[in-house]
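Understanding the architecture of this molecule
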Amino acid sequence: MSSKARLILDGFVKNNPTFVLLLGMCPTLATTTSAVNGLSMGLATLFVLVLSNMAISAIAPVVPDKVHIPVYIVVIATFVTLLQLLMQAYTPAVYETLGLFIPLIVVNCIVLGRAEAFASRNGVIASAADGIGVGLGFTLALTVLGAVREILGSGSIFGWKFISGDGMLAFVMAPGAFICLGYLMVLFNKYLKKE
Amino acid sequence: MEYFLIIISAIFVNNIVLAQFLGICPFLGVSNKLSTATGMSGAVCFVITLATLVTYLVNKFLLVPLHIEFLQTIAFILVIAALVQMVEIVLKKTSPSLYSALGIFLPLITTNCAVLGVALNVVTKQFTFGGEAHFLNLGESLVYALATSLGYGLAMVIFAGIREHLSLSEVPKAFKGVPIALVTVGILAMAFMGFSGMVK
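This write-up is about the structure you can find in this document. Worth saying up front: this structure is predicted, and the values here are computed from it rather than measured.

Turning our attention to the environment of leucine 71 of chain B. As for its placement among the helices and strands, leucine 71 of chain B is situated in the loop between α3 (34-63) and α4 (72-94). On the basis of relative accessibility, which here comes to 29%, the residue leucine 71 of chain B falls in the partly exposed class.

Written out as structure tokens, the structure reads:
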């Protein structure tokens, strides 16, 4: 397997940001009320992650070591602002639903974490691959969590309703988010994580 | 009366951790021991209130007059990062005892989404506390920020207390660590849902 494909695959299982590294918990819990919401939040983060990873790996050699964190944060914040403007223009409904958590991508530890741990030491192409891998891993985790909560909470999947009436509403609300994520992590620990 | 409603709403009804999902990383990260949990809550309380004051003023007197509100995210994160750094320096010089209590938590706070979240909420969201929907004025913003961070402290201290007991009990292997903690927070959040409806 080529090294780039390996990098992308690692982001899915070995370095899965949600289930293994426990990063970016706030958007994970807050925006996964349905599968579609989880998916859109994941894709928004993927966008910022890939672009900021590429930009940071390109400028890393010339950034003085002492100010590298503030510089990275400004780069990330720039792409987040770009994303905000794009989403306001093209997908206003999604932007409205995700609300505060779009600007909060700036302080999502996944983005700064990858910038610091990977992009600052690797080339542009490798950093892009890493961004795609980790971003897709995050998107997958959010979509799965969103789907589970949607199935239990409102009896539908990707908006398609398979029972009449309401589901167990608690799963769409705050407690369900914590409990579902807890149990998904247990399954991940038991069946996917190899020591 | 309205201030009272803001306080009740921010601490119990819309608790920042258990209902708004902000600041989860440090919430899970440093709640292993009661002493570190109180230290972190103190530092967060201090920084959120101060950051809300400064970002409110920056927004009102700099961004709005120049019509560059779309730069809020960038401006606020820079202000918060600079502020945290400054608080660290000032505390180190003036109050070494407070610094040794809060010091190690301060660098972590820049990337605590609760700080940026509250700062952005205050300037972009309209609130209804019994009356009509309106943007908060400076006094209300400060009360809101302080009450929100007290809610953060409350959730953190309760959870740390539970977690200290949890570490002594037998837990199935796959549940060890974070998974059981998340399930516990879920039940705690369910308890806090009992407050919903008290304040609109």
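Turning next to the interface of chain B and chain A. Every contact between the two is made by 34 residues of chain B and, on the other side, 35 residues of chain A. For the chain B and chain A pair, buried surface summed over both sides reaches about 2900 Å², with 88% attributable to carbon and sulfur atoms. When the buried area of chain B at its contact with chain A is split by residue, Phe21, Thr73 and Leu182 of chain B rank highest and sum to 20% of it. Where chain B touches chain A, the interface holds zero salt bridges. Inspection of the region where chain B meets chain A yields two residue pairs in polar contact (both at pLDDT 80 or more). Going through the elements one at a time, α2 (24-29), α4, α7 (113-124) and α9 (178-193) of chain B are the ones with two or more residues in the side of chain B that touches chain A. Sort the elements by how many residues they give to the side of chain B that touches chain A and α9 of chain B lands first, with ten residues. Split into classes, the residues belonging to the side of chain B that touches chain A amount to 26 nonpolar, eight polar and no charged.

This next bit is on unusual backbone geometry. Residue and element names in this part refer to chain B. With a phi close to 55°, phenylalanine 21 is a non-glycine residue in the positive phi region. By secondary structure assignment, the location of phenylalanine 21 is in the loop between α1 (2-13) and α2. Positive phi is not limited to glycine here, since histidine 67 has a value of about 55°. Inspection of the secondary structure assignment puts histidine 67 in the loop between α3 and α4. For histidine 67, a relative accessible area of 62% gives the class exposed.

All names here are of chain B. Residue position: arginine 163 is located in helix α8 (residues 138-166). Here arginine 163 is buried and forms no salt bridge, its nearest opposite-charge partner glutamate 164 lying at an N-O distance of 10 Å. Among all residues touching arginine 163, those that are not within four sequence positions of it are Leu28, Ser31, Asn32 and Ala181.

Another point: a nonpolar patch on the surface. A cluster of nonpolar residues, Val13, Leu187, Tyr191 and Leu192 of chain A, forms a patch on the protein surface that exposes about 400 Å² of accessible area. Following the sequence through the fold, leucine 187 of chain A ends up in helix α8 (residues 174-191).

In this section: the state of the cysteines. What the rule picks out here adds up to zero disulfides over all chains. Free cysteine: cysteine 180 of chain A, not disulfide-bonded; nearest cysteine sulfur from cysteine 26 of chain A at 17 Å. With no disulfide of its own, cysteine 113 of chain B lies closest to cysteine 26 of chain A among cysteine sulfurs, the gap being 3.0 Å. Residue cysteine 113 of chain B is classed as buried on the basis of its relative accessible area, which comes to 9%.

All names here are of chain A. Tallied over the entire structure, the rule returns one salt bridge over all chains. Residue aspartate 130 is joined to arginine 114 by a salt bridge in which the shortest nitrogen-to-oxygen separation is 2.9 Å. In this pair, aspartate 130 sits in helix α7 (residues 124-154) while arginine 114 sits in helix α6 (residues 109-117), placing the two residues 16 residues apart along the sequence. The residues aspartate 130 and arginine 114 share a single accessibility class, namely buried.

Calculation criteria
- Within every chain, residues take consecutive numbers counted from 1 along the sequence as written.
- Chains carry letters from A onward and ligands carry numbers from 1 onward, assigned in written order.
- Residues qualify for local features only when their pLDDT is at least 70, as the model is predicted, and side-chain atom pairs are given and counted only at 80 or more; totals for whole chains, interfaces and linings, by contrast, use all residues.
- The basis for every side-chain value is the complete set of non-hydrogen atoms in the structure, without hydrogens or water.
- In this text, helices come from DSSP runs of H or I with a minimum length of four residues, and strands from runs of E with a minimum of two, each type numbered from the N-terminal end.
- Throughout this description, buried means an accessible area under 20% of the type-specific maximum (1.4 Å probe, protein chains only), exposed means over 50%, and partly exposed covers the range between.
- In what follows, residue pairs with any heavy atoms lying within 4.5 Å of each other are defined as contacts.
- Buried area: the sum, over both parts, of the accessible surface (1.4 Å probe) that disappears when the two are put together.
- Any carboxyl oxygen of Asp or Glu that lies within 4 Å of a side-chain nitrogen of Lys or Arg is treated as forming a salt bridge with it.
- Pairing of N or O atoms within 3.5 Å defines a polar contact, subject to two protein rules: one partner must be a possible hydrogen donor and the other a possible acceptor, and residues neighboring in sequence count only if both atoms are side-chain atoms.
- Throughout this entry, Asp, Glu, Lys and Arg are counted as charged residues, while Ala, Val, Leu, Ile, Met, Phe, Trp, Tyr, Cys and Pro are counted as nonpolar. The remaining residues, Gly among them, count as polar.
- Residues scored as positive are Lys and Arg, those scored as negative are Asp and Glu, and His as well as the terminal groups of each chain are ignored.
- Grouping into patches uses exposed residues only, defined as over 30% relative accessible area, and leaves out salt-bridged ones; the cut-off is 9 Å for like charges and 5 Å for nonpolar side chains (Val, Leu, Ile, Met, Phe, Trp, Tyr).
- Here the Shrake-Rupley method, with its probe set to 1.4 Å, supplies the accessible areas, and only the displayed protein chains count as covering residues.
- The definition used for a disulfide is geometric: two cysteine sulfur atoms within 2.5 Å.

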